[in-house]
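# Structure at a glance
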Amino acid sequence: MELRRRPSKIQSRKPSQAPPKASDALPLPLYLTNAVFFTLFFSVAYYLLHRWRDKIRNSTPLHVVTFPEIAAIVSLIASFIYLLGFFGIDFVQSFIISPRASDDEEDDDLHVVVRNNACRPPPLVVPTLASEEDEEIIRSVVDGTIPSYSLESRLGDCKRGAAIRREALQRMTGRSIEGLPIEGFDYESILGQCCEMPVGYVQIPVGIAGPLLLDEFEYSVPMATTEGCLVASTNRGCKAIYMSGGATSVLLRDGMTRAPVVRFNSAKRASELKFFVEDPVNFDTLAVVFNRSSRFARLQGIQCAIAGKNVYMRFSCSTGDAMGMNMVSKGVQNALDYLQSDFPDMDIIGISGNFCSDKKPAAVNWIEGRGKSVVCEAVIKEEVVKKVLKTNVDALVELNMLKNLAGSAVAGALGGYNAHASNIVSAVFIATGQDPAQNIESSHCITMMEAVNNGKDLHISVTMPSIEVGTVGGGTQLASQSACLNLLGVKGANKESAGSNARLLATIVAGSVLAGELSLMSAIAAGQLVKSHMKYNRSSKDVTKVAS
């Protein structure tokens, strides 16, 4: 168990008296002190050796010494002690005490290492004020005196707060989380926006599929996943698309939605609100009120649904390069405040009434769209189908009809008329800092295949009505995710055309799904699915040895 703490800059400390060093022997600069004792040591050593040689030649007893010889012997011993103290102690300690700090931490990090060893007692560590203070805080968290969520605000150090919370968690649960890394992460970057009460971070490998040739541009697509074959399969689909001249995409719609639910005393009164909101005469006024929430938010439309006395108003608006949930929610709140002046009997039940619909499979998203609606297509040449995909056009068309269309219908699928769109969407979402939970509606996709050019070539398309992505805000600001967005050329906000980066990212997601669908369907048609997964998605490592 290792505890690390960075001392607070504002923390008052009592000055501790440093132990005396050998270099403190003379009130001279260190290099002059060393020069004096080096010169003294070798000078008196030469003098004594010279004197002893003369005594041996003259047959003079060696134990008969003069005063200068006594002074020389004392000087030799004194200089030897100084040199041993200056150069020897650190050398010996390097074999006795193992280093516990890296080069970039040893000056300002406190390391208290406690090792359990049945054969050797742990090295003696003298606790400092910092370690004692951390230990006291850990005990306070364990016994509930200090809430775990308040550590960052109390300490003013996010990394220290995470380390203390981590140790308290292990003590309270009796379970080790040693394999969960804590070093190497900027905890300041997630404070107040990405994650609360952190104790570490999970490592997910990122692979690259591509180049994906889409709309005459090439993209290297980052995919964060732990599923073997996924990146390789998508990469094969990208190769097939590239060799066939590339894919094209069209953005059909761009608008984030939020649908509050309000209630009246009667269904008649509820219908009056519906007619008022949907009246084009009132739309401009509502748009002005709504758009005050942000310089990027622009109200596009309001769709109402009634259930008895309850009204569900589905607001749709553009949100620039942000995914836009917070932006549209603020605009909806402004609109509700305005409507309440004309409908004082309106009872606002909730700003979200699930008619939006967020992070749930819903027909309204499948039909009306949410976020970015994209269609992407490509024509795969016959020779590419045979040589790269190892199958044929007729087999792919038949499989798509029986599996993705008829099979999904038999299953009662909602927006799931595809082979594995969510696989690719999830991998790209995690790599680029999107909300992974929005993979649910973002993976709504229908894959279509048909033979073209007299049955020789394959036309494949994916239609995805609700891809919810952004290039600013949330997890997109973290270093790793920002790097992946930069790789795609869509990092941050587009200053020349607001929303262009987010729209481009949506088309890249659709193009990647197209590649993934093409490759997986080909593997199934060729009977290679099980074989490839047994080869690339099986581990020979012994995973039974886990921390208790």
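Reading the values: the criteria
- Residues numbered from 1 in each chain as written.
- Predicted model: local features only at pLDDT ≥ 70, side-chain atom pairs only at ≥ 80, totals over all residues.
- Heavy atoms only, no water.
- Helix = DSSP H or I, 4+ residues; strand = E, 2+ residues; numbered from the N terminus.
- Buried < 20%, exposed > 50% of the residue type's maximum accessible area, 1.4 Å probe, protein only.
- Contact = heavy atoms within 4.5 Å.
- Areas by Shrake-Rupley, 256 points an atom, 1.4 Å probe, with all protein chains shown as cover.
- Phe/Tyr/Trp six-rings, centres within 6.5 Å; stacked < 30°, edge-to-face > 60°.
- Core = buried A, V, L, I, M, F, W, Y, C linked by side-chain atoms within 4.5 Å.
- Arc of directions from axis to C-beta.
- Pairing = 2+ DSSP bridges.
- Polar contact = N/O pair within 3.5 Å; in protein donor to acceptor, adjacent residues only side chain to side chain.
- Axes fitted to C-alpha atoms, helices over the stretch in contact; angles between N-to-C directions.
- Parallel < 35°, antiparallel > 145°, perpendicular 65-115°, else oblique.
- Nonpolar A, V, L, I, M, F, W, Y, C, P; charged D, E, K, R; others polar.
- Salt bridge = Lys/Arg side-chain N within 4 Å of Asp/Glu carboxyl O.
- Expected span 1.5 Å × (residues − 1).
- Patch = residues over 30% accessible without salt bridge, like charges linked within 9 Å, V, L, I, M, F, W, Y side chains within 5 Å.

### Describing the overall build of the chain
Counting its regular elements, the chain contains 17 helices and 13 strands. Taking all 548 residues of the chain together, 41% fall into the buried category. The contacts of the chain with a sequence gap of at least 6 include a subset with a gap of at least 24, amounting to 71%. Within the structure as shown, the chain displays about 29,900 Å² of accessible surface, and the carbon and sulfur contribution to it stands at 57%.

### A short note on the packing of aromatic side chains
Under the counting rule described, the total for this entry stands at seven aromatic pairs. Ring centres of F264 and F343 lie 6.1 Å apart, and the angle between their planes is 75°; this geometry places the pair in the edge-to-face category. With a gap of 79 residues between them, F264 in the loop between β6 (261-263) and α7 (267-278) and F343 in the loop between α9 (325-342) and β9 (347-350) connect regions that are remote in the sequence. Judged on exposure class, the residue F264 and its partner F343 are both buried.

### Regarding the environment of I430
Relative to the helices and strands, I430 resides in helix α13 (residues 421-432). Note on I430: relative accessible area 33%, which makes it partly exposed. Note: C-alpha distance between I430 and M223 (207 residues apart in sequence) is 7.6 Å.

### Re the nonpolar core
Among the nonpolar cores identified, the biggest contains 52 residues, and M223 and I380 are the most heavily contacted of them. With 27 residues, the next largest nonpolar core counts M256, C317, A335 and L336 among its residues.

### Let's talk about helix α15 (residues 479-488)
Listed in full, the buried residues belonging to α15 are Q481, S482, C484, L485 and L488. All buried residues of α15 fall inside an arc of 160° around its axis, so they share one side. When the buried face of α15 is taken as reference, the exposed residues oriented beyond 90 degrees from it are A479 and S480. Following α15 by one or two positions, G489 adopts a phi angle in the positive range, close to 80°.

### Overview of the environment of S220
Within the secondary structure, S220 sits in strand β4 (residues 217-224). According to the relative accessible area criterion, S220 is partly exposed, its value standing at 31%. When the C-alpha atoms of S220 and G207 are compared, they prove to be 9.8 Å apart, with 13 residues separating the residues in sequence. The contacts of S220, once residues within four sequence positions are left out, are I208, A209, L487 and L488.

### Some thoughts on the pairing of strand β12 (residues 445-452)
Here two bridges tie strand β11 (residues 416-417) to β12, and the two strands are oriented parallel to one another. Following the sheet pairing, G416 is matched in β12 by C445. The turn joining β12 and strand β13 (residues 457-467), which pair antiparallel and follow one another in sequence, is formed by four residues; a positive phi near 55° is taken by N453.

### Topic: the pairing of strand β10 (residues 371-380)
On a regular strand, one side chain projects to one face of the sheet and the next to the other, so that they alternate. Of all 10 residues in β10, seven are buried; the element is thus mostly enclosed. Across eight bridges, β10 lies against β13 in antiparallel orientation. When the bridges of β13 are listed, C376 appears paired with V462.

### Structural notes on the environment of N418
With respect to the element layout, N418 can be found in the loop between β11 and α13. Put simply, N418 and E517 are 99 residues apart on the chain and 7.4 Å apart in space, counted from C-alpha to C-alpha. With sequence-adjacent residues up to four places away left out, N418 is seen in contact with N404, S408, S443, C445, T447 and E517. There is a polar contact of 3.5 Å between the side chain of N418 and the backbone nitrogen of H420.

### Considerations on the packing of α13 against α15
Geometry of a packed helix pair, given as the angle between the helix axes and the separation of the axes. With their axes 6 Å apart at the nearest point, α13 and α15 run at an angle of 115° to one another. By the angle class used here, α13 and α15 are roughly perpendicular. Contacts from I430, A431 and T432 in α13 reach S480, Q481, C484, L485 and L488 in α15. Residue composition of the contact of α13 with α15, by class: five nonpolar, three polar and no charged.

### Notes on unusual backbone geometry
Residues G210 and P211 are joined by a peptide bond in cis, for which omega reads 10°. Summarising the element assignment, P211 is placed in strand β3 (residues 206-214). The residue after C356, namely S357, is reached through a cis peptide bond having omega 0°. With respect to the helices and strands, S357 occurs in the loop between β9 and α10 (363-368).

### With respect to the pattern of salt bridges
Following the criterion strictly, the structure yields 19 salt bridges and no others. Close ionic contact of E272 with R269 constitutes a salt bridge, the shortest N to O distance being 2.7 Å. Of this pair, E272 and R269 are both found in helix α7, three residues apart, which corresponds to roughly one turn of the helix. On the basis of relative accessible area, E272 is assigned to the partly exposed category, the value being 33%. Each of E135, R139, E167 and R171 takes part in salt bridges that share partners, so that together they form one network.

### Observations regarding the side chain of S461
Within the fold, S461 resides in strand β13. Ignoring sequence-local partners within four residues, the contact set of S461 consists of C376, E377, I446, T447, M448 and L514.

### Regarding helix α6 (residues 230-243)
Across its 14 residues, α6 extends 20 Å between first and last C-alpha, which sits within 8% of the 20 Å expected from 1.5 Å per residue. All of the buried residues along α6 are L230, V231, S233, T234, R236, G237, C238, A240 and I241. Contacts made by the buried residues of α6 are with β3, β4, β10, α11 (382-387), α13 and α16 (500-525).

### Examining a nonpolar patch on the surface
A contiguous nonpolar patch, built from L49, W52, I56, L62, I73, I77, F80, I81 and L84 and spanning about 890 Å² of accessible area, is present on the exposed surface. Every element with two or more residues in the nonpolar patch is listed here: α1 (30-57) and α2 (67-96). For the nonpolar patch, the element with the most residues is α2, which contributes five residues.

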